Amino acid sequence: MSKPVPRPGILDIAAYVPGKEHAPGVARVFKLSSNETPLGASPKAIEAFRGAAGNLERYPDGQAKELRQAIADVHGLNVANILCGAGSDELLGLLCHTYLGTGDEGIITEHGFLVYKIQIMAAGATPVTVKEKDCTVDVDAILAAVTEKTKMVFIANPGNPTGTYVPVSEIRRLQASLPKHVILILDAAYAEYVRRNDYEAGLELVSANQNVVMTRTFSKVYGLAALRIGWMYAPVDIVDAINRVRAPFNLNSAAIAAGAAAIRDQAFTEKAVAHNTLWIEKMTAALEALGLKVTPSVANFVLFHFPDSDGKRAVEADDFLTSRGYILRAVRAYGFPNSLRLSIGTEEANLGVIDALAEFMGRKA
């Protein structure tokens, strides 16, 4: 060999491509492609972030005790079952690298978060994709795909980019039917936004079982995407295993301080949720009034679908919206070639998108 070569399988991975951020030639841009909260971070979190600047010469707390305690206090959890990471992405990767290897399989769903497949393949294992039903995770399809090689099942609940969710009764049925050595990973990145009586993020399932892990993030409702903060709630044996392989200082001091302040400021969080609840309904109704099909969402974004007509497809709509400064998320990689995902933004941004889409569709908003 004339140069270093990655181990087999690495170059087969399709790299994750984030939502675009720029609209060349447009004076003002509204980025609605990454499910970021339009309210930003809590002022208390910003203050805590600035306060960390006075001690930049010191290593952070490798156990993130302040942040873990804040999470435990707010959710009423045992701090020993909480592990924090540089975004939930890092935790998902650590889980795969700790529990998967060559010959193992990890089950993912048709429209699931692309990072699952990437991390399964990076660990040398094989991703097994199962169909969804009406853009919703199908428990029976997952169970039918389980083999002696299955070691993990990944479910985003709510789903991204669909915004749909699986009721807790179905999640419990799935867990009860899985072999006890198979880890069920519940990615609840958008749990704070859900207002449904039959939904649970997964805390109770983790507490009652040895093979369930729930992951969460500070990048969405808490507005700290720039700091990369995630956490998981898991059985102590899984936390212990992950702690053995994670980087010793995987969260920086500013992230720990800001995250703790953010989660304790639940009054600010409720403002963000209330804004989203109001606008998810308004945007769904407005998009449907334009003749676009909308997948019902319980998260902070909506997936909507365009007609299969010349000049009216998603790719053309995306170009049109971008030219006017509205950046949405193309979701072809998720199995939706004729759809876009819209993150709920400010009132100005939301109304602007509807006006632009009305112009594109040739209708009045």
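Definitions and cut-offs
Residues numbered from 1 in each chain as written. Predicted model: local features only at pLDDT ≥ 70, side-chain atom pairs only at ≥ 80, totals over all residues. Heavy atoms only, no water. UniProt positions renumbered as here; feature names shortened; annotations may be inferred. Helix = DSSP H or I, 4+ residues; strand = E, 2+ residues; numbered from the N terminus. Buried < 20%, exposed > 50% of the residue type's maximum accessible area, 1.4 Å probe, protein only. Contact = heavy atoms within 4.5 Å. 1 Å grid on protein atoms, 1.4 Å probe; cavity = no way out; pocket = protein on both sides within 12 Å on 5 of 7 lines; lining within 4 Å. Points joined across faces, edges and corners; volume = space filled by probe spheres on them. Nonpolar A, V, L, I, M, F, W, Y, C, P; charged D, E, K, R; others polar.

Per an unreviewed UniProt entry, the protein goes by the name Histidinol-phosphate aminotransferase and belongs to Rhizobium tropici. Word for word, the UniProt comment on the protein under Pathway (unreviewed entry) is "Amino-acid biosynthesis; L-histidine biosynthesis; L-histidine from 5-phospho-alpha-D-ribose 1-diphosphate: step 7/9." Taken directly from UniProt, the Subunit (unreviewed entry) text for the protein runs: "Homodimer."

A.B. asks: Would you take a moment to explain the environment of Ile 142 for this structure?
C.D. replies: In this fold, Ile 142 is placed in helix H5 (residues 139–145). Among the residues examined, Ile 142 registers a relative accessible area of 0% and is labelled buried. Spatially, the C-alpha atoms of Ile 142 and Ile 155 are 9.9 Å apart, while their sequence positions differ by 13 residues. In this structure, Ile 142 is in contact with Ile 107, Thr 109, Val 130, Val 137, Val 153, Ile 155 and Leu 174, ignoring residues within four places of it in sequence.

A.B. asks: Looking at this model, I keep getting lost on empty space enclosed by the protein. Mind explaining?
C.D. replies: Any empty space left between atoms is shown by rolling a water-sized probe over those atoms. Overall, the coordinates contain 3 cavities of 30 Å³ or more when judged by the stated rule. Lining the largest cavity are 18 residues, with Thr 109, Glu 132, Val 137, Ala 156 and Gly 159 sitting closest to its centre. When residues of the lining of the largest cavity are traced back to their parent elements, those giving at least two are strand S3 (105–109) and strand S5 (150–156). Looking at the lining of the largest cavity residue by residue, the classes come out as 8 nonpolar, 9 polar and 1 charged. The calculated volume of the second largest cavity comes to roughly 40 Å³. Considering the residues around the second largest cavity, the lining is formed by Thr 37, Pro 38, Leu 39, Tyr 193, Ala 272, His 275, Asn 276, Asn 300 and Ile 344. Residue composition of the lining of the second largest cavity, grouped by class: 5 nonpolar, 4 polar and no charged.

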